Amino acid sequence: MAPVTMLEAIRQAIFEEMERDPAVVAIGEDIGVYGGAFKVTAGLLERFGWERVIDTPISETAIIGAAVGMSYQGLRPIAELQFIDFIACCFNQITNFVAKSHYRWGAPVPMVMRGPSGGGVHGGPFHSANPEMYFVHTPGLKVIYPSTAYDAKGLLKSAIRDNNPVLFLEHKFLYRRIKEELPEDDYTVPIGKAIVRREGRDLTIVTYAAMMHSSLEAAETLAKEGVDVEIVDLRTLLPLDKETILQSVKKTNKLLIVHEDTRTGGIAGEIAAVACEGAFEDLDGPILRVTAKDSPVPFSPPLEERFLPNVNDILSAARELAAY
Amino acid sequence: MSYPLTRDQHLELYYYMKLNRMLDEQLVRLFRQNKVVGGLYSNLGQEATSVGTAYALEKRDWIAPMIRNVGGLLVKGYKPADILMQYMARYDSPTKGKDGTSHFGDLKGRHVVSPISMLGDLVPVMTGVAIAGRYLGQNIVTMTWVGDGATSTGAFHEGLNFAATQHAPLVLVVENNQWAYSTPVAKQVPIHDLADRAKAYGIPSAIVDGNDVVAVYQATKEAVDRCRAGKGPVLIEAKTMRMKGHAQHDPAEYVPKKMFEYWEARDPIVRYEKYLTENNLWDEKTKSDFVARIEKELNDALEVAEKSPFPPPELAEQGVYCDGCHTIEAEWKRSKKEAMPPQSSVKPEWEVTDFGGFDLASTMAKQSAAAGANGGNGAKSARTVAAAQKSTGKSNGRPEKLKVAARVPFGRGPKGKEGRK
């Protein structure tokens, strides 16, 4: 099998799940005839028809609302938000209607909300968001943010088959930049399980999505300097795999958290708390974090480069921590 | 059009309205005894709208009530004890104490979707239920209610617009009870008739006297039949009046006394009692039997509710996720094969017959012959063509309102200008 991009892996997941189960339907803006703003849904309409691939008006609340209604009928809708920034338009539907449904009255909502996220492509303040923490703070949702093509396909399949509402974030910087050979057979990746991407002895980096690749690059440089870094890729942010994080921290005794989301209220704070509660005695240095700046995502390249965390930021934080 | 009701049906309508009313009164007593947890939202004066609309539905159809639609819940088969226990926050209530009021539902049996407090949100949700029902071949109609205030929300407009483009079998009842909390409808909406909201979405609407249960039923039944025939959504404005404050704590002193008097004289239950008498549909004994029966039902319900404990505290953190507690399966009423390739396959092209120019009429005349010859979106089977056309909004860009009377195919209700400030 030829290696495929992350975008193609996502497309395959949707395609294969729709092929497997007629309860799976797709809904969103420009997803049908046009095939989606990033062409993730290209070919879906032709194969599955107007009833299963629904082009909607520009109405995020209607998209999510209708998807909930469809899920109440036992369907498994995949709702695309053209850019994840627009999820703010349907915040109420997601946090009040979708997330509380099963808890309040026992009505499961088996739906997936997915969309291109993240910066690094000069999308500006409204096409670059990392909105994960609004939703990590919403009990009733699951939040996934994969870093590889293999995980994207396997996790999306799990999300579609899950009985709960899942927010599936796709880092658009990675869409066509990473490639991987995928198994021919059907496979899934479990939700809620982090993975150790690189084993190491000296220091743990907990990260996810695009920053996983920056962290890996930093780890190779650090290895040459004699610092052996372990990288934990969260993959799922809610529920958080505390066990894998704590295991790694107990092994390396040092924790650096790296994410592309802004600093204040980012998941790094939560992970630091998890480490303090579960591995305080094992820590040999301060818990450090490398994140984006606390600002909207700026447009012009030098501004965005300054805003986003990069390999050098990771290197200097890791060196500082390794010195303890 | 007229839909005759049998004597039994007439009496059943009375039973639900009277039950709705007496349950409301019982809840007020319980509220004063401090047995209601939180607020109490009265249905007083709106019983005919809730009952008459829901009564036009079949068992397979779906509803999503708002807070003053207990009547609809009773018609759908919920018992007074369910409502009492919801308000009393008991463990045996439909939500086990996790939510109160009419915030509960039942997907499988009664087809009731729970509302949330954010208004208008049910419109897109019930659109989704409706289009899923069409996809599954269920031939169902969905219904939800919104108040006059909710017609100002974005969710209402997004939902109705989407329902219209999808030709969803949705009956949207706008319950114009004149007040959104303390704000009169004229300060909410710059138009007299909320039914006019439908114009913007090219769907038919009707205005009905919301305090006349038979008129409400008739209008709704026609709308339901129209939906079931695949003709798209209908908006019904029921003109009625909230006879209490927003909730029990609110004495509604902002409502002019004369307005209450106007509506008091049009009380839906008193009016219907008169109607039943005038049409020889009952006698005094039937009436007193109903009242006795309902009194007993409500006493029994209260006994059940008071025996039910409060929920165990540890329930607080349970049930956030479905961890296999539910089996999710769609109820297919058509062959799944039709929804799967190769039968589902279509030519992915829009059929654009209206180029949108200023000289609309002549352009469309020229295009119409070509459109007729083209068929629908290249779909294969006749059924898929019909379904595809429905689900993509008929001819994708050509509003159906050009063919259908844009407004009120079944008569208008009273203007109701009196009592409006």
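A quick note: this is a predicted structure, and the numbers were derived from the prediction, not measured.

K.L.:
I tried to follow the overall build of chain A on my own but got confused; where do I start?
P.N.:
Regarding its fold elements, chain A presents 11 helices and 14 strands. The C-alpha atoms of chain A give 19 Å as radius of gyration, which agrees with the globular expectation for 324 residues (20 Å, within 12%). When the backbone C-alpha atoms are referred to their principal axes, chain A occupies close to 60 × 40 × 40 Å. The buried share among the 324 residues of chain A stands at 66%. Across chain A, the fraction of contacts at a sequence separation of at least 24, relative to all contacts at a separation of at least 6, is 83%.

K.L.:
Explain the domain arrangement of chain A here, please?
P.N.:
Where interface size is given, it is often the accessible area lost as the parts come together that is meant. Residues and elements named next belong to chain A. You can read the domains of chain A as domain 1 (4-180) and domain 2 (195-322). One C-alpha centre belongs to domain 1, the other to domain 2; they are set 26 Å apart. Contacts between the two partners involve 27 residues from domain 1 and, on the opposite side, 23 residues from domain 2. Overall, the association of domain 1 and domain 2 removes approximately 2,100 Å² of surface from exposure, summing both partners, and the carbon and sulfur fraction of that is 59%. The tally of links from domain 1 across to domain 2 stands at two salt bridges. Among the ionic pairs, Arg 235 bridges to Asp 151, the shortest N-O distance being 3.0 Å. Among the secondary structure elements, those contributing two or more residues to the side of domain 1 that touches domain 2 are helix H5 (132-136), strand S6 (142-144) and helix H6 (149-161). It is H5 that provides the largest number of residues to the side of domain 1 that touches domain 2, a total of four residues. Here the residues of the side of domain 1 that touches domain 2 sort into 13 nonpolar, 11 polar and three charged.

K.L.:
So what exactly am I meant to see when it comes to the pairing of strand S4 (residues 76-80) of chain A here?
P.N.:
Looking down a regular strand, the side chains alternate between one sheet face and the other. Residue and element names in this part refer to chain A. Most of S4 sits out of view: five of its five residues are buried. With burial as the criterion, each face of S4 is covered, one bearing Arg 76, Ile 78 and Glu 80 and the other bearing Pro 77 and Ala 79. The pairing of strand S2 (residues 24-28) with S4 spans five bridges and is classified as parallel. Across the sheet, the residue bridging to Ala 26 is Ile 78, located in S4. Two elements, S4 and strand S5 (residues 112-117), share three bridges in a ladder whose sense is parallel. Note on S5: the bridge partner recorded for Ala 79 is Met 113.

K.L.:
Which parts of the structure should I look at to understand the interface of chain B and chain A?
P.N.:
Each partner contributes residues to the interface: chain B has 67 residues there, and chain A has 54 residues. Taking both partners together, chain B and chain A bury about 4,900 Å²; carbon and sulfur atoms supply 65% of that area. If you sort the residues of chain B by the area they bury against chain A, Tyr 135, Tyr 321 and Ile 328 of chain B come out on top, with a joint share of 14%. At the junction of chain B and chain A, the tally comes to two salt bridges. Of the charged contacts in the structure, one is a salt bridge between Arg 334 of chain B and Glu 51 of chain A, with a shortest N-O distance of 3.1 Å. Counting the contacts that link chain B with chain A gives 28 residue pairs in polar contact (both at pLDDT 80 or more).

K.L.:
Can you help me understand the packing of helix H3 (residues 60-72) of chain A against helix H6 (residues 154-166) of chain B in this one?
P.N.:
Here H3 of chain A crosses H6 of chain B at 70°, and the two axes come no closer than 8 Å. By the angle between their axes, H3 of chain A is roughly perpendicular relative to H6 of chain B. Considering the relative orientation of H3 of chain A and H6 of chain B, their crossing is right-handed. Note on element contacts: H6 of chain B touches H3 of chain A through Ala 155, Glu 158, Gly 159 and Phe 162 of chain B, opposite Glu 60, Thr 61, Ala 62 and Ala 66 of chain A. Here the contact of H3 of chain A with H6 of chain B is built from residues that sort into four nonpolar, two polar and two charged.

K.L.:
Would you take a moment to explain the nonpolar core for this structure?
P.N.:
Soluble globular proteins: nonpolar side chains tend toward being buried together. Membership of the largest hydrophobic core comes to 97 residues, with the highest contact counts inside it found for Tyr 72 of chain A together with Val 113 of chain B. No other element matches helix H5 (residues 122-135) of chain B, which puts nine residues into this core. The next biggest cluster of nonpolar side chains, apart from the first, holds 65 residues, and it includes Leu 5, Leu 23, Ala 81 and Val 171 of chain B.

K.L.:
What am I meant to see in the sheet that holds strand S3 (residues 170-176) of chain B here?
P.N.:
In a beta sheet, neighbouring strands pair by backbone hydrogen bonds and run either parallel or antiparallel. Residues and elements named next belong to chain B. If you walk across this open sheet you meet the five strands as S1-S2-S3-S7-S6, and the pairing is parallel. Unpaired on one side and paired on the other, strand S1 (62-64) and strand S6 (205-209) mark the two borders of the sheet. Going from strand to strand, the sheet's axes swing by 20° on average, the running direction of each strand aside. Examined bridge by bridge, S3 and strand S7 (residues 234-239) share six bridges and lie parallel to one another. Residue Glu 175 lies in a different strand from S7, and its bridge partner there is Ala 238. Contacting strand S2 (142-147), S3 and S7, H6 runs over the sheet at an angle of about 145° to S3.

K.L.:
Looking at this structure, how should I read a nonpolar patch on the surface?
P.N.:
Residue and element names in this part refer to chain B. A cluster of nonpolar side chains, contributed by Trp 350, Val 352 and Phe 355, occupies part of the molecular surface with about 340 Å² of accessible area. As for its placement among the helices and strands, Val 352 is situated in the loop between helix H10 (284-307) and helix H11 (360-374). With relative accessibility at 47%, the residue Val 352 sits in the partly exposed group.

K.L.:
Sorry, what's going on with the environment of Val 68 of chain A here?
P.N.:
With respect to the element layout, Val 68 of chain A can be found in helix H3. As a C-alpha pair, Val 68 of chain A and Trp 50 of chain A span 18 residues in sequence and 19 Å in three-dimensional space.

K.L.:
In this structure, what is going on with the sheet that holds strand S9 (residues 195-198) of chain A? I would like to understand it.
P.N.:
Residues and elements named next belong to chain A. The strand order across the open sheet built from five strands is S9-S11-S10-S13-S14, with neighbouring strands paired in mixed fashion. The strands lining the two open edges of the sheet, one partner per strand, are S9 and strand S14 (288-292). Here the strands of the sheet are splayed against their neighbours by 25° on average, with no regard to which way each runs. Relative to the sheet, helix H9 (residues 267-279) contacts strand S10 (203-207), strand S13 (255-262) and S14, its axis offset from that of S13 by approximately 155°.

K.L.:
Would you mind showing me how to read the packing of aromatic side chains here?
P.N.:
Pairs of aromatic rings are described using the distance from one ring centre to the other and the angle between the two planes. Within this structure, the stated rule accounts for 22 aromatic pairs over all chains. Both rings, one in Tyr 135 of chain B and one in Trp 332 of chain B, keep their centres 5.3 Å apart while their planes meet at 65°; by these two values the pair is edge-to-face. Of this pair, Tyr 135 of chain B sits in helix H5 while Trp 332 of chain B sits in the loop between H10 and H11, and the two are 197 residues apart along the sequence. Each member of the pair, Tyr 135 of chain B together with Trp 332 of chain B, is buried. Taken together through their ring pairs, the aromatic side chains of Tyr 14, Tyr 15, Tyr 16, Tyr 272, Tyr 275, Trp 282 and Phe 290 of chain B make up a single cluster. When the ring centre of Phe 173 of chain A is taken as reference, the NZ or CZ atom of Arg 177 of chain A above it lies at 3.8 Å.

K.L.:
Looking at this structure, how should I read the confidence of the model for chain B?
P.N.:
When pLDDT drops low, the exact placement of atoms in the prediction is not to be read closely. Counting all residues, the mean pLDDT for chain B is 89, and 85% of those residues have values of 70 or more. Low pLDDT (under 50) marks residues 373-421 of chain B, which in the prediction has 100 contacts with non-local residues, meaning those over four places away or in another chain.

K.L.:
How should H10 of chain B be read in this particular structure?
P.N.:
Each turn of an α-helix holds 3.6 residues, which means side chains three or four residues apart point in the same direction. Residue and element names in this part refer to chain B. Under the 1.5 Å per step criterion, the end-to-end length of H10 is 35 Å for 24 residues, consistent within 8% with the ideal 34 Å. Turning to H10, its buried residues are Thr 286, Phe 290, Ile 294, Leu 298, Ala 301, Leu 302 and Ala 305. Against the buried residues of H10 lie helix H1 (7-32) and helix H4 (80-87).

What counts and what doesn't
Residues numbered from 1 in each chain as written. Chains lettered and ligands numbered in written order. Predicted model: local features only at pLDDT ≥ 70, side-chain atom pairs only at ≥ 80, totals over all residues. Heavy atoms only, no water. Helix = DSSP H or I, 4+ residues; strand = E, 2+ residues; numbered from the N terminus. Rg over C-alpha atoms; globule rule 2.2 N^0.38 Å. Buried < 20%, exposed > 50% of the residue type's maximum accessible area, 1.4 Å probe, protein only. Contact = heavy atoms within 4.5 Å. Domains from an automatic or database assignment. Buried area = accessible area lost by both parts, 1.4 Å probe. Salt bridge = Lys/Arg side-chain N within 4 Å of Asp/Glu carboxyl O. Nonpolar A, V, L, I, M, F, W, Y, C, P; charged D, E, K, R; others polar. Pairing = 2+ DSSP bridges. Polar contact = N/O pair within 3.5 Å; in protein donor to acceptor, adjacent residues only side chain to side chain. Axes fitted to C-alpha atoms, helices over the stretch in contact; angles between N-to-C directions. Parallel < 35°, antiparallel > 145°, perpendicular 65-115°, else oblique. Left-handed = near helix turned anticlockwise from the far one by under 90°. Core = buried A, V, L, I, M, F, W, Y, C linked by side-chain atoms within 4.5 Å. Patch = residues over 30% accessible without salt bridge, like charges linked within 9 Å, V, L, I, M, F, W, Y side chains within 5 Å. Areas by Shrake-Rupley, 256 points an atom, 1.4 Å probe, with all protein chains shown as cover. Phe/Tyr/Trp six-rings, centres within 6.5 Å; stacked < 30°, edge-to-face > 60°. Lys NZ or Arg CZ within 6 Å of the ring centre and 35° of its normal. pLDDT = per-residue confidence, 0-100. Expected span 1.5 Å × (residues − 1).

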